[in-house]
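Listed below are the residues making up each chain.
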Amino acid sequence: MQQTNTVVETETQLPLEWRERLSPSKLNTIPGRYNLPRMFRRHSSKQQMRENTAPATKTIATLQRSFKITDTFHLLRTRRWSVLDVQQVVLAAFTVFSVWIVEPSAPIIKTSILLGYLLLLFMPITSQFFLPSWPIWTYLLYFFSSRFIPFDVRPDILVKVLPALEDILYGTNFSNTFSSWTHPVLDVIAWFPYGIGHFGLPAVCSALMFIFAAPGTVPMFAKSFGWMSILGVSIQLLFPCTPPWYERLHGLEPARYGMQGSPAGLARIDALFGVDMYTTSFTTAPVPFGAFPSLHAADAILEALFMSYCFPRLRPLCTFYVCWICWATMYLNHHYAVDLLGGGIIAYTIFWVVRRYWLPVPQPGKTYRWEYEYVEVGRTQKNKVVDEEFGYGLVPKRSVDGVDEFTVLDSFMHSASSSGSSSPTSIRSDKSYRRDD
């Protein structure tokens, strides 16, 4: 009791201003500069950047494993559409047209094919691969079904145009010059890029870019490759031209649809190995008079441009391969030099546009795709990332668990022209935190 009185007496002896400062109401009030929520809001942008770094790495490097088609339909309803989405309509039109003209009619089989297409497009686990490469599959279907286009609706076959352009541009016929002297060793050397590399190298380049290049590079390569091939086949169908082997076999006589194609120099490869690898396939080719433009040259040049962009040290090797396959096409008597020029112009134009607006920019010091935390694309539109599923679009950078560069989730949620920040912290979130202060 005596101690209590002492304490009371001591408390009453405190100065008045001290007692006011030590009152419970004052103690519960923390000055603004020491307010913890305020401190965290002030530095929230840096904190959010640190928190979003790990999810962003997962977002752009992982793969989708979902089988739920309902997720895709939900995302379709919330998608912000853009002008670039027209490419999906064009691809769908090419697909339906290619399946429709195939003979026999077989409506059940054709309906099954279209339903299979839709399943691959809408199932997230398959759409992450099929949607970026849809132009390639459309090109293959379009190319092989073009044989069923009625002859009476096709334009006349041009026999004299390419030889005349060859003389005007170069003053000589390089194809006849290179193919005038043949040898089994030269046949094999020409066969490697023309008969093997042309069919297998796109897959090899895609695998290398998928592992070692920036995330989003492979979808851009697939789209570029597919659309370039569709454009090339369309030009071949609208402006059919005879290749050099026709001039050697028939001179400048008028050509007609229904004539068989020719393996030309590749027939010597079949004879050398004793197998029928090219004779039958080229004799019954869907587009035997598709000399211009040369898709062999266009494919090789596009591959060389992408590989040189991603791996600058491989530029000499890529240049050598382009020269190699261009020589092979003329040595095997399949293309004129002007065909190579046309294919090269188309390939470089497509690559230039894609690189300028949509191709991911490699980052110094990054060896594998899994080391990328964010991606910047194009040369004119920095601070944006690629919508890799739906066209050459752009979407705001964001961090969402379970979403990656190939998923249909990205493609349906954001429009092809949306803007955003390339850093792990968006501009909008940063502004909102500043407003809270």
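If you're wondering where the values come from, they're calculated on a predicted model, not measured in any experiment.

1. Regarding the overall build of the protein chain
Link 1 in the chain: When helices and strands are counted, the protein chain shows 22 helices and 2 strands.
Link 2 in the chain: By the burial criterion, 46% of the 437 residues in the protein chain qualify as buried.
Link 3 in the chain: The contacts of the protein chain with a sequence gap of at least 6 include a subset with a gap of at least 24, amounting to 75%.
Link 4 in the chain: Put simply, the protein chain shows about 22,900 Å² of open surface, and 66% of that area lies on carbon and sulfur atoms.

2. A word on a nonpolar patch on the surface
Link 1 in the chain: There is a patch of nonpolar side chains on the surface, built from V161, L165, I168, L169, Y170, L341 and I345 and spanning about 610 Å² of accessible area.
Link 2 in the chain: For the nonpolar patch, the secondary structure elements donating two or more residues are α11 (161-170) and α20 (337-357).
Link 3 in the chain: Secondary-structure assignment places L169 in helix α11.

3. Some details on helix α7 (residues 86-101)
Helical periodicity: at 3.6 residues per turn, an α-helix aligns residues three or four positions apart in one direction.
Link 1 in the chain: For α7, with 16 residues, the first-to-last C-alpha span of 23 Å sits near the 22 Å given by 1.5 Å per residue.
Link 2 in the chain: Looking at α7, one finds that the buried residues are Q87, Q88, L91, T95, S98, V99 and I101.
Link 3 in the chain: Against the buried residues of α7 lie α8 (107-122), α10 (134-145) and α14 (217-238).

4. As for the confidence of the model for the protein chain
Link 1 in the chain: Looking at the protein chain as a whole, the pLDDT averages 77, with 72% of positions reaching at least 70.
Link 2 in the chain: Segment residues 1-11 is flagged for pLDDT under 50; beyond a separation of four residues in sequence, or across chains, it makes 1 contact in the model.
Link 3 in the chain: With pLDDT under 50 throughout, residues 32-58 is counted as low confidence; its partners more than four residues away or in other chains account for 33 contacts.

5. Regarding the pattern of salt bridges
Link 1 in the chain: In total, this model carries 1 salt bridge according to the counting rule given.
Link 2 in the chain: Residues D187 and R268 are paired through a salt bridge, measuring 3.1 Å at the closest nitrogen-oxygen approach. One end of the pair, D187, is in helix α13 (residues 184-212); the other, R268, is in helix α16 (residues 266-273), and 81 residues separate them in sequence.

6. Things to note about the nonpolar core
Link 1 in the chain: Ranked by size, the top nonpolar core spans 50 residues in total, and within it M209 and F306 carry the most contacts.
Link 2 in the chain: Elements that contribute at least two residues to this core include exactly α7, α8, α10, α13, α14, α18 (295-310), α19 (315-331) and α20.
Link 3 in the chain: The greatest single-element share of this core, amounting to 11 residues, is contributed by α18.
Link 4 in the chain: Those residues in contact with F306 that sit more than four places away from it in its chain are M209, T217, M220, F221, S224, F351, V354 and L359.
Link 5 in the chain: A190, Y194, Y278 and L332 belong to the second largest nonpolar core, which has 9 residues in total.

7. Overview of the environment of S206
Link 1 in the chain: You can see S206 is positioned in helix α13.
Link 2 in the chain: In sequence terms S206 and T217 are 11 residues apart; their C-alpha atoms lie 8.8 Å from each other.
Link 3 in the chain: Ignoring anything within four residues of it in the chain, the contact list for S206 reads V218 and F221.

8. Some remarks on the packing of aromatic side chains
Link 1 in the chain: Using the criterion set out here, one finds 21 aromatic pairs in the structure.
Link 2 in the chain: Summarising the aromatic geometry, the rings of W191 and F192 are spaced 5.2 Å apart at their centres and angled 45° between planes, so their arrangement reads as tilted.
Link 3 in the chain: Above the face of the Y372 ring, K366 is positioned so that its terminal group lies 5.2 Å from the ring centre.
Link 4 in the chain: Over the aromatic face of W370 sits the side chain of R369, whose NZ or CZ is 5.6 Å from the ring centroid.

9. Some thoughts on the packing of α10 against α14
Link 1 in the chain: Packing of α10 against α14 brings their axes to within 7 Å, and their N-to-C directions diverge by 25°. One way to sum up the angle between α10 and α14 is to call them roughly parallel. Once α10 is placed against α14, the crossing between them reads as left-handed. Note on element contacts: α14 touches α10 through A222, K223, F225, G226, W227, S229, I230, V233, S234 and L237, opposite P135, I136, T138, Y139, Y142 and F143.
Link 2 in the chain: Class assignment for the residues of the contact of α10 with α14 results in 11 nonpolar, 4 polar and 1 charged.

10. Concerning unusual backbone geometry
Link 1 in the chain: Of the consecutive residues F292 and P293, the connecting peptide bond is found in the cis state with omega at -5°.
Link 2 in the chain: Within the fold, P293 resides in the loop between α17 (279-283) and α18.
Link 3 in the chain: Although it is not a glycine, A264 adopts a positive phi angle of roughly 50°.
Link 4 in the chain: In this structure, A264 sits in the loop between α15 (244-250) and α16.
Link 5 in the chain: One non-glycine residue, N333, lies in positive phi territory at about 70°.
Link 6 in the chain: Along the chain, N333 turns up in the loop between α19 and α20.

11. Some words on the state of the cysteines
Link 1 in the chain: Applying the stated criterion across every chain yields a total of 0 disulfides.
Link 2 in the chain: Distance from the sulfur of C205, which forms no disulfide, to the nearest cysteine sulfur (C318) is 7.2 Å.

Procedures and definitions
Residues numbered from 1 in each chain as written. Predicted model: local features only at pLDDT ≥ 70, side-chain atom pairs only at ≥ 80, totals over all residues. Heavy atoms only, no water. Helix = DSSP H or I, 4+ residues; strand = E, 2+ residues; numbered from the N terminus. Buried < 20%, exposed > 50% of the residue type's maximum accessible area, 1.4 Å probe, protein only. Contact = heavy atoms within 4.5 Å. Areas by Shrake-Rupley, 256 points an atom, 1.4 Å probe, with all protein chains shown as cover. Patch = residues over 30% accessible without salt bridge, like charges linked within 9 Å, V, L, I, M, F, W, Y side chains within 5 Å. Salt bridge = Lys/Arg side-chain N within 4 Å of Asp/Glu carboxyl O. Expected span 1.5 Å × (residues − 1). pLDDT = per-residue confidence, 0-100. Core = buried A, V, L, I, M, F, W, Y, C linked by side-chain atoms within 4.5 Å. Phe/Tyr/Trp six-rings, centres within 6.5 Å; stacked < 30°, edge-to-face > 60°. Lys NZ or Arg CZ within 6 Å of the ring centre and 35° of its normal. Axes fitted to C-alpha atoms, helices over the stretch in contact; angles between N-to-C directions. Parallel < 35°, antiparallel > 145°, perpendicular 65-115°, else oblique. Left-handed = near helix turned anticlockwise from the far one by under 90°. Nonpolar A, V, L, I, M, F, W, Y, C, P; charged D, E, K, R; others polar. Disulfide = S-S within 2.5 Å.

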